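Working through the structure, step by step
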Amino acid sequence: MEQTKLNSDTAIRSRRIALLGTGLMGQPMGLRLLAAGHQLHVWNRTPAKTSVLVQHGAVLASDPCCALSDGEWQAEWMITMLDSGPIVAEVVEQTIPAWRKGMCVIDMSSTRQSEALELNARCEAHGLAFADAPVSGGVAGAQAGTLAIMVGAHPAVFAELEPVLQAMGRPALVGPPGSGQLAKLCNQLIVGGTIQLVAEALLLAQAGGADPAAVRTALRCGFAESRILELHGQRMLERNFIPGGQVKTQAKDMRNIQAAAADAGLQLPATSLIAQLFAELEAYRATADHSAALIHLERLNPGLRLGDAADRLAE
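The present account deals with the structure reproduced in this document. (Residues numbered from 1 in each chain as written. Predicted model: local features only at pLDDT ≥ 70, side-chain atom pairs only at ≥ 80, totals over all residues. Heavy atoms only, no water.)

**Description of the nonpolar core**
The test is simple: The set of buried Ala, Val, Leu, Ile, Met, Phe, Trp, Tyr and Cys residues whose side-chain atoms join them within 4.5 Å is what this entry labels a nonpolar core. Remark: exposure states derive from per-residue accessible area (1.4 Å probe, protein chains only) relative to the maximum for the residue type, with buried under 20%, exposed over 50%, and partly exposed in between. Runs of E in the DSSP output that reach at least two residues are strands. Runs of H or I that reach at least four are helices, and both are numbered from the N terminus. Note on contacts: a residue pair is in contact if any heavy atoms of the two residues lie within 4.5 Å.
Counting residues in hydrophobic clusters, the biggest one holds 33 residues, and the most contacted among them are Met-29, Met-108 and Ile-149. Per-element tally for this core: the top contributor is helix H7 (residues 155-165), with five residues. If sequence neighbours within four positions are ignored, Met-108 has contacts with Met-29, Ile-79, Thr-80, Met-81, Ala-133, Pro-134, Val-135, Ile-149, Leu-165 and Met-168. Core analysis: the second largest hydrophobic core is formed by 28 residues, Leu-229, Met-236, Ile-274 and Ile-295 among them.

This is the structure:
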């Protein structure tokens, strides 16, 4: 299939970007793009969540289609940062009347690989370029511009996107369209599993009579050290479950991992168990940080609790 090309050269310059989705992650990502000098028209299902971006120079669009085309405004790129694959498909459908050959659709949401491949096929049929570019690093990474950005795209498309994506983090080309979502699922498999194991290790330390904070400090000097032990281990000790990454997002990702494994004909037994645990936690703590895996572990072990601090949860 002939590869779709973008209209502009690869020089870093101000781009006209439609950003659809300005929630926990989309808002700080949009601020990074504005700070880098790009022009943004933004849309969100809850318009109030665009206010910070508008204060910094973005233009609020009345609907997704107007974010791409409104009077003299014609977006070169459309970035989606939405909740799930079905919502991406629903919102993208509304933008089709404004599609122009040579535009690029960049889906930075976390979806199924099959959903990314379907969107890529639709874009190619209309003469649009496409990249799936999900991210890892949470709200803190989005604010700092240090997100890991896993990009599935044709090499020529990635070469044009890379300078702008660098405003939000560290983009890496991991393969053709659809590969970005697969890489993100691999990331979330490790994240979800490690969060669960950190919770189990800290609760085991306390149950056996050790100081869990001291155990965490000791473990950080050995092979068990990780960003999850560092950040989420500390969250668990503080019982700070105000969300960066939410339980419902991790649970969705675990379901998507299982779907990708089924498509590839793989048996992933640990993934199945972790998915089950996050699904159970989602039923009553959907909007908590995914380090709240500790709360569910404590439910499975009545009478045991890590520390004596009060739980910090978003309202």
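**As for the environment of Ile-149**
Within the element layout of this structure, Ile-149 appears in strand S10 (residues 147-152). Exposure remark for Ile-149: the relative accessible area of 1% places this residue in the buried category. Once the C-alpha coordinates of Ile-149 and Pro-134 are considered, the two residues, 15 residues apart in sequence, prove to be 5.9 Å apart. Setting aside anything within four residues of it in sequence, one finds Ile-149 in contact with Met-108, Ala-133, Pro-134, Val-135, Leu-165, Met-168, Gly-169, Arg-170, Pro-171 and Ala-172.

**Some remarks on the layout of surface pockets**
The gaps left among the atoms become clear once a water-sized probe is rolled over them. Applied cut-off: Here a cavity denotes grid points, spaced 1 Å and computed from the protein atoms alone, that fit a 1.4 Å probe unable to get out, and a pocket denotes an open set having protein on both sides within 12 Å along at least 5 of 7 lines; residues with an atom within 4 Å of a point are the lining. Grid points are joined across faces, edges and corners, and a volume is the space filled by probe spheres set on the points. Classification used: nonpolar for Ala, Val, Leu, Ile, Met, Phe, Trp, Tyr, Cys and Pro, charged for Asp, Glu, Lys and Arg, polar for all others including Gly.
Estimates place the volume of the largest pocket at around 1500 Å³. Contributing to the lining of the largest pocket are 48 residues, with Met-25, Gly-138, Val-139, Gly-244 and Gly-245 lying nearest its centre. Elements that contribute at least two residues to the lining of the largest pocket include exactly strand S9 (135-136), helix H6 (138-144), S10, helix H8 (179-207), helix H10 (227-238) and helix H11 (247-264). Among the residues making up the lining of the largest pocket, the classes are represented as 14 nonpolar, 23 polar and 11 charged.

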